[in-house]
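Observations on the model geometry
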Amino acid sequence: MNRELSCLIDLINEAYPDLAILDSLDVWLSGKFKPPLAFIQTQEVTERGNTLSSYKIISDAGIVLHHRKGKEHGQEVYEQISTEPLRQLLRREKYSYRGKTDGLFINIDNSTFRVRSDKKDRTEITFRFEYLILIPKDPAEKINTFEIEEEWS
């Protein structure tokens, strides 16, 4: 599993501890899952050098909260999953989050945070985030002693 997905799974687990999570696009497209659950997907947008020792990754995230069907007054209705737990968590963390599994630290661009709830069976959340990756350094042998040759004339 990639680090981005791992971090988003940790985020959703913290905001919705009892919600199942799906990250397989094939299973999601087939519809062979049982709500309530969250489907998570990420897409890398760009990768560029940041400093001599790191580079910056910018990615898009998509989270789909699938609502459970319930009965109310004899009719089937969808029990909507509130986006408030996720919003509160992100506000508290100032739209930054460190994954518990592998420690990836992401910064979420709150101006791209969108919630669409126009479909009765699900709520769609999208946002853009970025994170830094350190460029691994090759170990270099350190010189601890110096030999100095002096010429006396």
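This write-up is about the structure you can find in this document. Within every chain, residues take consecutive numbers counted from 1 along the sequence as written. A pLDDT threshold of at least 70 governs which residues receive local features in this predicted model, and a stricter bar of 80 or more applies before side-chain atom pairs are shown or counted, although totals over entire chains, interfaces and linings include all residues. Heavy atoms throughout the structure, all of them, feed into the side-chain values; hydrogens and water do not.

Here we look at the packing of helix H1 (residues 3-15) against helix H3 (residues 84-92)
Cut-off, in case you're wondering: The angle between two axes is taken between their N-to-C directions and runs from 0 to 180 degrees, where each axis is a line fitted to C-alpha atoms and a helix contributes only its stretch in contact. Only DSSP runs of H or I with at least four residues qualify as helices, and only runs of E with at least two residues qualify as strands; both kinds are numbered from the N terminus onward. Note on terminology: angles under 35 degrees are roughly parallel, angles over 145 are roughly antiparallel, angles of 65 to 115 are roughly perpendicular, and the others are oblique. When the near helix sits turned anticlockwise from the far one by under a right angle, the crossing is termed left-handed; a clockwise turn instead gives a right-handed crossing. Contacts were defined at the residue level, with two residues in contact if any of their heavy atoms lie within 4.5 Å. Each residue gets one of three labels, nonpolar for Ala, Val, Leu, Ile, Met, Phe, Trp, Tyr, Cys and Pro, charged for Asp, Glu, Lys and Arg, and polar for the others, Gly among them.
Where H1 meets H3, the closest approach of the two axes is 9 Å, and the angle between their N-to-C directions is 110 degrees. Between H1 and H3, the angle falls in the class roughly perpendicular. In this structure, the crossing between H1 and H3 has a hand that is right-handed. Touching Leu11, Ile12, Glu14 and Ala15 of H1 are Pro85, Leu86, Leu89, Leu90 and Arg92, all from H3. Classifying every residue of the contact of H1 with H3 by side-chain character gives 7 nonpolar, no polar and 2 charged.

A few points about the environment of leucine 65
Selection criterion: Throughout, exposure labels follow a simple rule: accessible area from a 1.4 Å probe, protein chains only, divided by the maximum for the residue type, with under 20% read as buried, over 50% as exposed, and the rest as partly exposed.
Among the structural elements, leucine 65 can be located in strand E3 (residues 54-66). Given a relative accessible area of 0%, leucine 65 falls into the buried group. Separated by 46 residues in sequence, leucine 65 and serine 111 have C-alpha atoms that sit 21 Å apart. Not counting residues within four places of it along the chain, the set of residues in contact with leucine 65 comprises Tyr16, Leu19, Leu37, Ala38, Ile81, Thr83, Asp121, Arg122, Thr123 and Ile125.

Notes on the pattern of salt bridges
What counts here: In what follows, salt bridge is the name for a side-chain nitrogen of Lys or Arg lying within 4 Å of a carboxyl oxygen of Asp or Glu.
With the rule as written, the count across this model stands at 14 salt bridges. Between glutamate 130 and lysine 56 there is a salt bridge whose closest N-O contact spans 3.7 Å. Residue glutamate 130 is found in strand E8 (residues 122-134), and its partner lysine 56 is found in strand E3; the two are separated by 74 residues along the sequence. Glutamate 130 sits in the partly exposed class, given a relative accessible area of 27%. Measuring nitrogen to oxygen at the nearest pair gives 3.5 Å for the salt bridge that ties glutamate 84 to arginine 91. Residue classification places glutamate 84 among the partly exposed residues on the basis of a relative accessible area of 32%. On the basis of relative accessibility, which here comes to 44%, the residue arginine 91 falls in the partly exposed class.

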